[in-house]
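# Structural description and commentary
Next come the chains, spelled out residue by residue.
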Amino acid sequence: MKPANSANEIRGERLGGSWRLSMLLIIGLALHLSLKARAQQVTQVLTLQPGWNAIWLEVDPTNRQPAEVFKNLPVVSVWTWSERVSATDFIQNPATAGWNRNQWLGWFPPESPESVLGNLYAVLPARAYLVRVAGTSAVTWSVKGTPSSAPTTWAANQYNLRGLPADPESPVSFRDFFRHSPAHWNATTHSPTAIYRLQPDGHWVLASADASIRRGEAYWIDTQGASDYPGPFEIQASTGKGVHFPDRAYRATLTVANHTAAPRTLKFEAMGDGSQAVRVENFLTPGSALGHSPLSGYSVSLPAGGQQTVRLYLDRTTHPSGHTEHLFSVTDQQGMVQHLGVTSDGAGLLGAIDTVVYPLAGLWVGTALVNAVGEVHGTNVAPPTATVAPFPVRLLVHVDNNGSARLLRSVTFATLPPVYTNVPTSTNSSVVLGSGTNVLVSDPHLLHQYQSRFGRNVSLVRRFTAVQFDDAANPAGTPLSGSFATNSVLTGRISIPSGHATNPYFHRYHPDHDNLDSDYAKVVPEDFAIDRQVVLDFTPIGSGVPGFGVDGLDGTYRETVSGLHKVPLLVSGTFTLQRLSSTGVLNPSLP
């Protein structure tokens, strides 16, 4: 191979022999990209010039077979680079035998004599492809499939052949795209590391730092060290590459991050017929109520280097039945656009157990930290004074679909198998509870019914207890008065009568505390009834509980205990709650 001898040829060698750069690929490319959305399927349209073209494929083809993807195109050959830890090699002439090495995967048309040499068996998304086109005229290549994000892991200390998610309407420059990535930024020259792009004459040349990125074009990008830099901003779904709502689910989360040193606003827009059923659960602020706004048109502001969780809600009351797919664009309005796919399975409407009417419905689990107790020095009620150390008290609160709350002693969370009945339903189906239905049971009598009905067939069972809130009058949970929301107050009364098993003065085997006379014949009260007034004040205390206002709440805990002493005892502290389940029905009866 001849040494590089012009500005259009590059040859580099790192001292120490760790890797070597010796490549020149003569390619001509003019690229045009457009995305036409229909549900989550999009069509990527590229204009291929005669000769070699370097493109970045953004969609996962419906049929990945190369013969189908390049059908009816005058393609001579297609190549893609299979990255590994060792260095990337350039070659001067794409016709040389250097192509036929393990790291280069190639495909040739079936009628080509070289077809037997092909080792590229699938066209995958988020990859660069070198496509050689015969003839003298440009051709249009349309690829339909599901959009796929580019990988965020770069091969270290070598050139990577990649495309970048620039906005085709107002693309970002290489300088602005890479200035926040240490692996792609030269602090001495205040410019990106070496980036090579194709010119119309078919040569690779060093790109200007201020040149605009072309969407769908592939570049050789020098990467110094390990990196997972995705661009100025990043979106990650809790369900994988895109957002997915399984059968009977209606909530998911997105994490959006700003990797720049300046504030940035991200905006979501539906592409094609985006569903209005995909909505955002807005974070609560003091004095406000939880609301759902469409994801399309929603904006989130991020501080420099900050990130935020966006909680998505699928409104199944307006959601069509069956499998649906939708596509959204996410733009920072500064030259970068990414795509977000949203899919859902199952029927449109949920059953009574799953349907959420009150936005904060579900099971909330948390802790109250008692840090002040009133000391009694006479006959007057004493205000709480600070304790040496806080005492933790577990809290279990259930909120039903109407917003009514209960303080629980115990609750069992179970995922049920399908429940069938011989009585026909309105849909002529014998299934009344689908597989994966979640139930919450706090009534011990009903729990036994579930055990006898399902035995070991329940896929998931978890039991939570808060034994200090044993209410004799309400074994399935103490009703709470008030609103379960920020800047609201919930109050409840727990009764522990004389002779109750958890009354601290009662002991069935102690003669002075068994409520019987000396002959064990007559009932003689020897203990005292206990009355507890519990207050949960949801005025925010700034605890930093995750997902505040949607899946997290905090406030002040207060309690007045009568019966332990001749005067009531006052207790206070703080509490935090996290939503564990969104099931708004407690103790559902089996059909």
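The structure reproduced in this document is the subject of the present report. Sequence order sets the numbering: in each chain, residues are counted from 1 along the sequence as written. With pLDDT at 70 or above as the cut-off, local features in this predicted model cover only qualifying residues; side-chain atom pairs require 80 or more to be listed or tallied, and sums for whole chains, interfaces and linings still use all residues. Excluded from the side-chain calculations are hydrogens and water; all other atoms, namely the structure's heavy atoms, are used.

What counts as a helix is a DSSP run of H or I of at least four residues, what counts as a strand is a run of E of at least two, and both are numbered from the N terminus. Along the backbone of the chain there are 3 helices and 39 strands. The classification of residues rests on relative accessible area computed with a 1.4 Å probe and restricted to protein chains. Under 20% of the type maximum is buried, over 50% is exposed, and intermediate values are partly exposed. Burial status across the chain gives 49% buried among its 591 residues. Throughout, the Shrake-Rupley method with a 1.4 Å probe supplies accessible areas, and for residues the shown protein chains are the sole cover considered. About 27500 Å² of surface is accessible on the chain, with carbon and sulfur atoms providing 52% of the total.

Opposite charge on two side chains allows them to pair when their charged atoms are near. We count a salt bridge whenever a side-chain nitrogen from Lys or Arg sits within 4 Å of a carboxyl oxygen from Asp or Glu. Inspection of the entire model under this criterion finds 16 salt bridges. Salt-bridge contacts for Arg251 lead to Asp551; the nearest nitrogen and oxygen are separated by 2.9 Å. Separated by 300 residues along the polypeptide, Arg251 in strand E19 (residues 251–258) and Asp551 in the loop between strand E37 (530–537) and strand E38 (552–562) bring together distant segments of the chain. Residue Asp551 is classed as buried on the basis of its relative accessible area of 12%. With a shortest N-O distance of 2.1 Å, Asp531 and Arg493 are connected by a salt bridge. Of the two residues, Asp531 is situated in strand E37 and Arg493 in strand E36 (residues 489–496); the sequence distance between them amounts to 38 residues. Residue Asp531 is classed as buried on the basis of its relative accessible area, which comes to 15%. Overall, the relative accessible area of 51% leaves Arg493 in the exposed class. Through salt bridges with shared partners, one network takes in Arg251, Glu281, Arg311, Asp551 and Arg579.

The strand order E11-E16-E14-E15 describes an open sheet built from 4 strands, whose pairing is antiparallel. At either margin of the open sheet sits one strand with a lone partner, and together these are strand E11 (158–162) and strand E15 (204–206). Sheet twist, expressed as the mean angle between neighbouring strand axes with direction ignored, is 25 degrees. At least two bridges found by DSSP between two strands is the condition for calling them paired. Whenever a helix is involved, its axis is fitted only over the stretch in contact; in every case the axis is a line through C-alpha atoms, and angles between N-to-C directions fall within 0 to 180 degrees.

So, about the sheet that holds strand E9 (residues 127–133). Sheet architecture is open: 4 strands sit in the order E5-E9-E7-E8, paired in antiparallel fashion. Each edge of the sheet is formed by a strand with only one pairing partner; in this case those strands are strand E5 (51–57) and strand E8 (104–107). Strand-to-strand twist in this sheet, taken as the mean axis angle between neighbours without regard to direction, amounts to 25 degrees. Taken together, the 4 bridges between strand E7 (residues 75–81) and E8 define a ladder with antiparallel strand orientation. Looking at E8, one finds that Val78 is bridged to Trp107.

This next bit is on the nonpolar core. Of all hydrophobic cores here, the largest spans 42 residues; its most connected members are Leu395, Val397, Phe469, Phe484 and Tyr557. Counting only elements with at least two residues in this core, the list comes to strand E27 (362–374), strand E28 (384–399), strand E29 (405–407), strand E30 (410–416), E36, E37, E38 and strand E39 (569–581). The set of buried Ala, Val, Leu, Ile, Met, Phe, Trp, Tyr and Cys residues whose side-chain atoms join them within 4.5 Å is what this entry labels a nonpolar core. Ranked by size, the runner-up nonpolar core spans 41 residues in total, among them Phe174, Val310, Val330 and Val342.

Below, the discussion takes up the pairing of strand E21 (residues 278–281). A regular strand places its side chains so that they alternate between the two faces of the sheet. On E21, burial covers both faces: Val278 and Val280 on one face and Arg279 and Glu281 on the other are all buried. Bridge count for E21 against strand E24 (residues 307–314) is 4 bridges, and the pairing is antiparallel. Its bridge partner being in E24, Val278 is matched across the sheet by Leu314. In this sheet, strand E22 (residues 292–294) lies alongside E21 in antiparallel orientation, the contact comprising 3 bridges. Bridging across to E22, Val280 finds its partner in Ser293.

With that out of the way, let us pick up the packing of aromatic side chains. To pair, rings of Phe, Tyr and Trp, with the six-membered ring standing in for Trp, must have centres within 6.5 Å; the planes then decide the type, stacked if under 30 degrees apart, edge-to-face if over 60, and tilted in the middle. Summed over the entire model, instances satisfying the criterion amount to 15 aromatic pairs. For the ring pair Phe174 and Tyr219, a centre distance of 5.1 Å and an interplane angle of 90 degrees mean the geometry is edge-to-face. Placement of Phe174 in helix H2 (residues 174–178) and of Tyr219 in strand E16 (residues 219–223) is noted, with a sequence separation of 45 residues between them. Neither Phe174 nor Tyr219 differs from the other in exposure class; each is buried. The rings of Trp154, Phe177, Phe178 and Tyr229 are connected pair by pair, giving a single aromatic cluster. Throughout this description, the term charge over a ring refers to an Arg CZ or Lys NZ atom that lies within 6 Å of the ring centre and within 35 degrees of the ring normal. Positioned over the ring face of Trp154 is Arg162, at 4.8 Å from the centre of the ring.

Attention now moves to unusual backbone geometry. It is generally the case that most residues other than glycine have a negative phi and that most peptide bonds are trans. Backbone geometry places His190, a non-glycine residue, at a positive phi of 55 degrees. Tracing the sequence through the fold places His190 in the loop between strand E12 (185–186) and strand E13 (191–192). Judged by its relative accessible area of 52%, His190 is exposed. Of note in the backbone geometry, Asn587 takes a positive phi value of approximately 60 degrees without being a glycine. Tracing the backbone shows Asn587 in the segment after E39.

Along the chain, Val278 turns up in strand E21. Setting aside chain neighbours within four positions, we find Val278 in contact with Pro294, Leu295, Tyr313, Leu314, Phe328 and Val342. Residue contacts follow a heavy-atom distance rule, with two residues in contact if any of their heavy atoms lie within 4.5 Å.

On to the side chain of Asp531, then. Throughout this description, a polar contact denotes any pair of N or O atoms lying within 3.5 Å of each other; where both atoms belong to protein, one of them has to be capable of donating a hydrogen while the other can accept it, and for residues adjacent in sequence the pair is counted only when both atoms sit in side chains. For Asp531, the side chain forms a polar contact with the side chain of Gln533, separated by 3.4 Å. When residues no more than four places from it in sequence are discounted, the contact partners of Asp531 are Arg493, Ile494, Thr560, Val561 and Ser562.

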